[in-house]
Each structure stands twice: as structure tokens, then as C-alpha cells.
Amino acid sequence: MDFDYYKFEKLCKTYRWLVPVFLAFFFACHAQSFSPSECASALCAHSDSLSEFRSHISAYGLSHSLFYHFYLFIWSGLTCCDSELVLRFSNLPWVVLAAWFFRKDARALFVLLLSPYFIYYASDVSPCLMQMAVASGISYFFYSKSLSTSQSLTHGLGLLLLISLTGISGCIWAIGFFVAWLVLEGREFWSRWHIRSRICWGIAFLGISGYYVVTYSLTPSSHSASGFLGVVFSVYEMLGLLGLGPSKGDWLNYSSIGDILTNSDFLLAFIGALVVIGLLVHGLFVWRRTSSPSLFPALGCLVCLPLALQLLFSTWLGYSFSPVFCAPLLPLVCLIIARGLPWENGLSWKNIISITFVIIWLLSDVCIRFDDNYARPDYRAAIDYAKQEAAKGYSVLLLCHPLAKAHYDPANSLPLQPWHRCQKIITSDAACFTPLIEKVKNSGRYQRKRQLCPAFFEYALKTNFSTSPGFGDSPPVRYSFERL
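Residues numbered from 1 in each chain as written. Predicted model: local features only at pLDDT ≥ 70, side-chain atom pairs only at ≥ 80, totals over all residues. Heavy atoms only, no water.

## Some remarks on the overall build of the chain
A tally of helices and strands in the chain yields 23 helices and four strands. Look at the contacts in the chain between residues 6 or more apart in sequence, and 74% of them connect residues 24 or more apart. Summed over all atoms, the accessible surface of the chain reaches about 22900 Å², with 64% contributed by carbon and sulfur. (Helix = DSSP H or I, 4+ residues; strand = E, 2+ residues; numbered from the N terminus. Contact = heavy atoms within 4.5 Å. Areas by Shrake-Rupley, 256 points an atom, 1.4 Å probe, with all protein chains shown as cover.)

Here is the structure:
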């Protein structure tokens, strides 16, 4: 069969949007250690049977994101590989899906793939990318509706139902998008031609959201940060400033807005925020020129209602606000920035603003990806080092999240024991270990040797002390499971 050059050229033009998608994903993909939540997801994904998968979901409190973890279980079964990198590649279909919704809007696709928020979470083993992908379709549906472009009602309801499957946060964002749609163009939904779609969608959504509310309420809570600071950090991440200021770990040490305002590390992030916020405001007014007058009230409902519901749930059930909750908002933010991104032929102040924006986000991307200050806690390296020291004959106490230990030390070769009987103590910088580390410091018997890896430190017994100081036996440290 002869090679048809014209068909090949047409095929390349049709799917050329995939090239930047793969480049962005491979740039974002990393081989850093799994976080505790990723370790729990990996343990579920690598289950040998469906019954073992169900027991892991129940044991690790992951019922509030059942659909995503079942997807990981299927992915692991199809790939037949337990590699961490292969599990990270489970996000690639969702990245392609998110880009597919934006394929006809090159500027919005460019902004989405450039986003430091996307780069940071693109290879995380979490429902974040799944929610981003579905939210991309919902955001583009909402944008098209605002321009009075014909869109299928069933298509929009199906996307809302799909994002509600991703978890309790997906259900909350589905409510936000739905209310915004009603404010923007509610007459279509209430028309008598869509009664069957409304009833079917309503029953399915109530069933899914009811299940997730019950499982969410039964999951043990964690108290890592206040809700207000969580919202501030979400805005900080969403604006793409994570690689320009303090790292994600540094934010855990802040207790008030005053700590943030007095930190000189925010100077570059503050400059970047002015540029990005300026483009957001400009994009909103550009969008408003071609949309209905109800656009701003609709967007207000879309943003404020989910945040208010999540804060209400957090207060009611005793949970801290998770910054990842705002992941479905990223595609809409990128759409707005793309509308406000000016470009003209020649050198003008508008082009300078656009180039400055690209440089700011590109710098943030590079720092997130390659700067050690933004590296994730290295549970893998810390546990491997502890096992090596234990193999040399040292008595080692490892203080880290039990889910990370279950994943990287399945044989449990490092059992918990009283700290004063150990020659070496390897601990993470988690706040729950602070009281015990204070006891270690105050005993005068241990000295801090070094920082082993990101977020982990080593304390070694001084040479003039014995591991049997005559203290009464004390129980090993306990670390309660937290909500992931």
C-alpha cells in the first residue's frame, strides 16, 4: 500500500496538540518517594485480589475516594508491574483527557500545561489529576454556555456525575458548577424537555454523594492546619507561586497570616502574584464582554459555594482543610488567564506582560522540579538507611508515618521500641513527633548528627552513654492513622 502523505499530514495536524501534553507530563514526572497517602494508594493498587483490595480500602480509610483507587487497582492489574513509576504513569490518561477538552483552545492548553500547580501534582498518585481532567471538560462546557454556544445538556450532566464519583470533594465541586450553571443559564435546565435527564442525574448524584458523606464522616480526622490558612495556601498554589516562595513543608510551620507577611521569602512570590492576579482580572473582563450579565454572579457561586461547603464539612467533622481540594478549579483559572493573556505583533507592553507571566511560571516550574528546597519528604531513603544501620547491628528507632513504613518496609524489620534503648533515632519533622524528640534532646544522651534527606533527621547516642540508663520501661511511640 502506497504511503499517503496528505493523510499523514492531516493526521499530524489533528493530533499535534498531544506533543506538548507528553512533553509537559514527562517534565513533571519524577521518581521521588511516595507520600503516606500515595503509599496507601500503592498498597491498595497492588492488592492480589478484590477481597484484599476491599480490606485495604477499609483499613486505610480510603472509602471516600473508592472510584479512584479501584481505577488504580485495574491499572496495576493491566500493567502487571509494582513499580512506583508505572503507578505514577496512571495519571497519563487523565492528562491527555484534560488536554483533549482544551485542544481547540491552544492558549488555554498552553497555560494549563505551564501551570506550576499542574507540574507539581501531574505525577502524584492521588485523585487530583482525575478531578482536574473531568473539571477541564466541565469548565469548557461552562465557558461555551456563557458564550451561548450549543452544548448537550446530557454531556454536561454526565461530566458532573463523573466528577462526583472521584470523592466527596468532587461532589462538592459538582454542586458548585451546577449552581453556577443555573445562575448563568437556568432556563434550559428547567425546560420540560429534560425531565428524564434531571431525574436520573439527581438520583445518581444523591446516591453517590450520600455514600461519600457517610464514609468521609467515618474516617479518622487529622488536624494539620487551620481552614483559613489552608484556603490561603490553596490560592498561593493556584496562582503558581509554590516555586517562588516558601515550600509546602514550610507552610506547616505558619500559624497566622502575620507569620506569612513578615517572611522575606515571599518577595518574589508577591511580585508574581501581582502579574497573575492582573491577568486574571483582565481575563474576567474580556470574558464578560462576550458573555451574559450573570457571568460574575455565576463565577462567584462556583468559587464561594464549594469553599464554604468544604469549610463547613471540615468544621463539622473535625478535619483540616486540604489544599488539594481546589484542584478542580485549576482548569477554569487557566481558561480565565488565557482570555486575559495579551499578544500583539511586534514589541509592546502587552507582549512584555505576557512574556513576564511565562517567565514567572516557568521559573516556578523549574524550581518545583529541580530545587531540593521543594523536594517531598524522602521516606524511601530514610527507611532504607534505617534498615542498613539495623543490619550493621545498631538498635534503631524509626519515627515516620506507618503507611510509609508499611509500603517501604513490608517485612517490619524496624519494630517500634523505647527510645532510650536505641543507639540511633531517625525521625521525620512531623509535628506529632515533637514531644518525643524534645525528650530525646533534654536527656543529654543524644546528639543530632545531620539531616539524612528531606524532612528526616538522625540522632545518635553519645559515646559516653549506654543504651541502658536505668530508666523505667516506656511504651513505644504511637502514631495514629490520619485521614489521607
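Next comes the rest of the write-up.
## Re a nonpolar patch on the surface
On the surface, Leu267, Leu268, Phe270, Ile271, Leu274 and Leu363 cluster together to form a nonpolar patch covering roughly 600 Å² of accessible area. Among the structural elements, Phe270 can be located in helix H17 (residues 267-289). (Patch = residues over 30% accessible without salt bridge, like charges linked within 9 Å, V, L, I, M, F, W, Y side chains within 5 Å. Salt bridge = Lys/Arg side-chain N within 4 Å of Asp/Glu carboxyl O.)

## Examining the sheet that holds strand E4 (residues 456-461)
The mixed open sheet is built from four strands, whose spatial order is E1-E2-E4-E3. Both outer strands of the open sheet, strand E1 (396-399) and strand E3 (446-453), are each paired with one neighbouring strand and no more. With direction set aside, neighbouring strand axes in the sheet form an average angle of 20 degrees. Inspection of the sheet shows E1 paired to strand E2 (residues 424-428) by four bridges, in the parallel sense. Bridge pairing in E2 links Leu397 to Ile425. In this fold helix H21 (residues 379-391) packs onto E1, E2, E3 and E4, with an angle of close to 165 degrees to the strand it touches most, E1. Lying over the sheet, helix H23 (residues 434-443) contacts E1, E2, E3 and E4, oriented at roughly 35 degrees with respect to E4. (Pairing = 2+ DSSP bridges. Axes fitted to C-alpha atoms, helices over the stretch in contact; angles between N-to-C directions.)

## Some points on the nonpolar core
Counting 118 residues, the largest nonpolar core has Phe118, Phe142, Ile337 and Phe357 as its most contacted members. Considering every element that reaches this core, the biggest residue donor is helix H10 (residues 128-146), with eleven residues. Aside from chain neighbours lying at most four places away, what touches Phe357 is Val111, Leu114, Val275, Val276, Leu279, Ile337 and Leu341. In this structure, Trp419, Cys422, Phe433 and Tyr446 belong to the second largest nonpolar core, which totals 13 residues. (Core = buried A, V, L, I, M, F, W, Y, C linked by side-chain atoms within 4.5 Å. Buried < 20%, exposed > 50% of the residue type's maximum accessible area, 1.4 Å probe, protein only.)

## Here we look at the packing of H10 against helix H11 (residues 153-165)
In the contact formed by H10 and H11, the axes pass within 9 Å of each other and the chain directions differ by 155 degrees. With respect to each other, H10 and H11 are oriented roughly antiparallel. The handedness of the crossing between H10 and H11 is left-handed. Here Gln131, Val134, Ala135, Gly137, Ile138 and Phe141 of H10 lie close against H11, whose contacting residues are His155, Gly156, Leu159, Leu160, Leu162 and Ile163. (Parallel < 35°, antiparallel > 145°, perpendicular 65-115°, else oblique. Left-handed = near helix turned anticlockwise from the far one by under 90°.)

## A few points about the pairing of E1
Within a regular beta strand, the side chains point alternately toward one face of the sheet and then the other, so they alternate between its two faces. Residues Val396 and Leu398 point to one face of E1 and Leu397 and Leu399 to the other, with burial holding for every one of them. Taken together, E1, helix H22 (residues 402-408) and E2 form a β-α-β motif whose crossover is left-handed. (Right-handed = clockwise from strand over helix to strand, strands pointing away.)

## Brief notes about the packing of aromatic side chains
As enumerated under the stated definition, the model contains 27 aromatic pairs in all. For the ring pair Trp419 and Tyr446, a centre distance of 6.1 Å and an interplane angle of 55 degrees mean the geometry is tilted. Linking Trp419 in the loop between H22 and E2 with Tyr446 in strand E3, this pair joins segments that are 27 residues apart in sequence. The class for Trp419 is buried, based on a relative accessible area of 12%. Chaining the aromatic ring pairs together yields one cluster made of Phe102, Tyr140, Phe142, Tyr143 and Trp287. Seen from the ring of Trp100, Arg103 lies directly overhead, with NZ or CZ sitting 4.0 Å from the centre. (Phe/Tyr/Trp six-rings, centres within 6.5 Å; stacked < 30°, edge-to-face > 60°. Lys NZ or Arg CZ within 6 Å of the ring centre and 35° of its normal.)

## Observations concerning the environment of Val86
As for its position among the elements, Val86 is in helix H6 (residues 84-88). Look at Val86 and you get partly exposed, because its relative accessible area is 24%. Residues Val86 and Ser76, spaced ten residues apart in sequence, show a C-alpha to C-alpha distance of 8.3 Å. Once you skip the residues sitting within four places of it in the chain, Val86 turns out to touch Trp75, Thr79 and Cys81.

## Considering H21
Because an α-helix packs 3.6 residues into every turn, residues spaced three or four apart end up facing the same way. Given a rise of 1.5 Å per residue, 13 residues ought to cover 18 Å, and the 18 Å separating the end C-alpha atoms of H21 matches this to within 8%. Along H21, the positions that sit buried rather than exposed are Tyr379, Ala382, Ile383, Tyr385, Ala386 and Glu389. Mapping the buried residues of H21 onto a view down its axis gives an arc of 160 degrees, with all of them on the same face. Remark: Gly393 follows H21 within two positions and exhibits a positive phi of approximately 105 degrees. (Expected span 1.5 Å × (residues − 1). Arc of directions from axis to C-beta.)

Fair warning: the whole summary comes from geometry, so function is off the table for now.
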